[in-house]
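Listed below, chain by chain, are the residues.
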Amino acid sequence: MNTPLWSLPDPETQPEFYSDVAMKRFFAWVLDTVMIALITILVVPFTAFTGLFFFPFLMLIVGFAYRVVTLAGGSATLGMRVFAIEFRQANGERFTLMMAFLHTFGLSVSFALTLLQVVSIVLMLTTARGQGLTDHLLGTVAINKARGA
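None of the values given here were measured: they were computed from a predicted structure.

Quick notes on the rules
Residues numbered from 1 in each chain as written. Predicted model: local features only at pLDDT ≥ 70, side-chain atom pairs only at ≥ 80, totals over all residues. Heavy atoms only, no water. Helix = DSSP H or I, 4+ residues; strand = E, 2+ residues; numbered from the N terminus. Expected span 1.5 Å × (residues − 1). Buried < 20%, exposed > 50% of the residue type's maximum accessible area, 1.4 Å probe, protein only. Core = buried A, V, L, I, M, F, W, Y, C linked by side-chain atoms within 4.5 Å. Contact = heavy atoms within 4.5 Å. Phe/Tyr/Trp six-rings, centres within 6.5 Å; stacked < 30°, edge-to-face > 60°. Polar contact = N/O pair within 3.5 Å; in protein donor to acceptor, adjacent residues only side chain to side chain. Pairing = 2+ DSSP bridges. Lys, Arg positive; Asp, Glu negative; His and termini not counted. Salt bridge = Lys/Arg side-chain N within 4 Å of Asp/Glu carboxyl O.

**Q** Is there a simple way to explain helix α1 (residues 21-43) in this structure?
**A** Residues separated by three or four positions in an α-helix point in the same direction, a consequence of the helix having 3.6 residues per turn. The end-to-end C-alpha separation of α1 is 32 Å, in line with the 33 Å expected for 23 residues at 1.5 Å each. Of the positions making up α1, those classed as buried are Val21, Arg25, Ala28, Asp32, Ile36 and Thr40.

In structure tokens, the structure reads:
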């Protein structure tokens with residue numbers, strides 16, 4: 001029997017892990033969106049500038065890859081690292097490549113369907129762990145990074 005060495009912090013006994021996480025997620029998302037736009041602009045010349053004709057789609061593809069790679073590499077996007085938050089799986093472990101892909105896919109679906117995004121935001125603002133819709137479905141959570149970690 002495998003017992004996890006680490007589990008998700010309890011919001012009742014360890015509220016510091018969840019303090020201001022929703023706000024930090026928003027600011028991290030803004031920073032990540034700027035990063036994705038800049039990376040996409042850098043990619044356009046490599047498409048012989050045809051990327052300008054489908055720039056939003058190109059940004060979607062670059063953004064998907066950016067999120068999967070950064071989440072798989074450290075359980076946080078670069079924006080999340082700046083704001084000292086990270087994702088954890090239900091067992092408390094960092095994201096695997098598959099979890100990073102699934103979380104990014106869920107985020108993309110919720111961005112595509114406005115109602116799902118609204119539900120996700122409401123959940124982040126009202127639940128004890130501040131989980132969005134994708135987080136609830138996957139059992140993931142965003143937390144403040146432990147000091148010294």
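From this point, the discussion proceeds with the structure in view.
**Q** Please clarify how the nonpolar core should be interpreted in this entry.
**A** Generally speaking, nonpolar side chains in soluble globular proteins are found buried as a group. Counting twelve residues, the largest nonpolar core consists of Val21, Ala28, Val68, Leu71, Ala76, Met80, Ile85, Phe87, Phe95, Met99, Ala100 and Ala142. Those elements giving two or more residues to this core turn out to be α1, α2 (55-74), β1 (85-88) and α4 (97-112). Dropping the residues within four chain positions of it, Val21 is found in contact with Ile85, Ala142, Ile143 and Asn144.

**Q** What exactly am I supposed to notice about the packing of aromatic side chains here?
**A** The geometry of an aromatic ring pair is captured by the separation of the ring centres together with the interplanar angle, meaning the angle of the planes. Under the defined criterion, the tally for this structure stands at seven aromatic pairs. An angle of 25° between the planes, with centres 6.0 Å apart, marks the rings of Phe27 and Phe83 as stacked. Pair noted here: Phe27 is in helix α1 and Phe83 is in the loop between α3 (78-82) and β1, with a separation of 56 residues, a long-range link. Each ring, one from Phe101 and one from Phe105, has its centre 6.4 Å from the other, and the planes form 15°; the classification is stacked. In this pair, Phe101 and Phe105 both sit in helix α4, four residues apart, roughly one turn of the helix. In this structure Phe101 comes out as partly exposed when scored by relative accessible area, which is 38%. Ring-pair connections join several aromatic residues into one group, and the members of that group are Phe26, Phe27, Trp29, Phe83 and Phe111.

**Q** Just checking my understanding: could you explain the side chain of Ser75 for this structure?
**A** Checked against the element boundaries, Ser75 lands in the loop between α2 and α3. Within polar-contact distance, the side chain of Ser75 engages the backbone nitrogen of Phe95 at 2.9 Å. Apart from the residues lying within four places of it in its own chain, the contact partners of Ser75 are Thr70, Met80, Glu86, Phe87, Arg88, Arg94 and Phe95.

**Q** Looking at this structure, how should I read the environment of Gly139?
**A** Along the polypeptide, Gly139 turns up in the loop between α6 (133-138) and β2 (141-144). For Gly139, the residues in contact, after removing those within four places along its chain, are Leu8, Arg88, Gln89, Ala90 and Gln131.

**Q** Looking at this model, I keep getting lost on the pairing of β1. Mind explaining?
**A** Two faces make up the sheet, and in a regular strand the side chains alternate between them. Residue alternation in β1 divides its side chains into two sets, Ile85 and Phe87 and Glu86 and Arg88, and both sets are buried. With four bridges connecting them, β1 and β2 associate as antiparallel partners. Residue Arg88 lies in a different strand from β2, and its bridge partner there is Val141.

**Q** Help me out: how do you make sense of the side chain of Arg67 in this one?
**A** Mapped onto the fold, Arg67 is located in helix α2. Look at Arg67: it is buried, it has no salt bridge, and the nearest opposite charge is Asp32 at 4.0 Å. Excluding anything up to four places from it in sequence, Arg67 contacts Trp29, Asp32, Thr33, Ile36, Thr77, Thr104 and Leu107.

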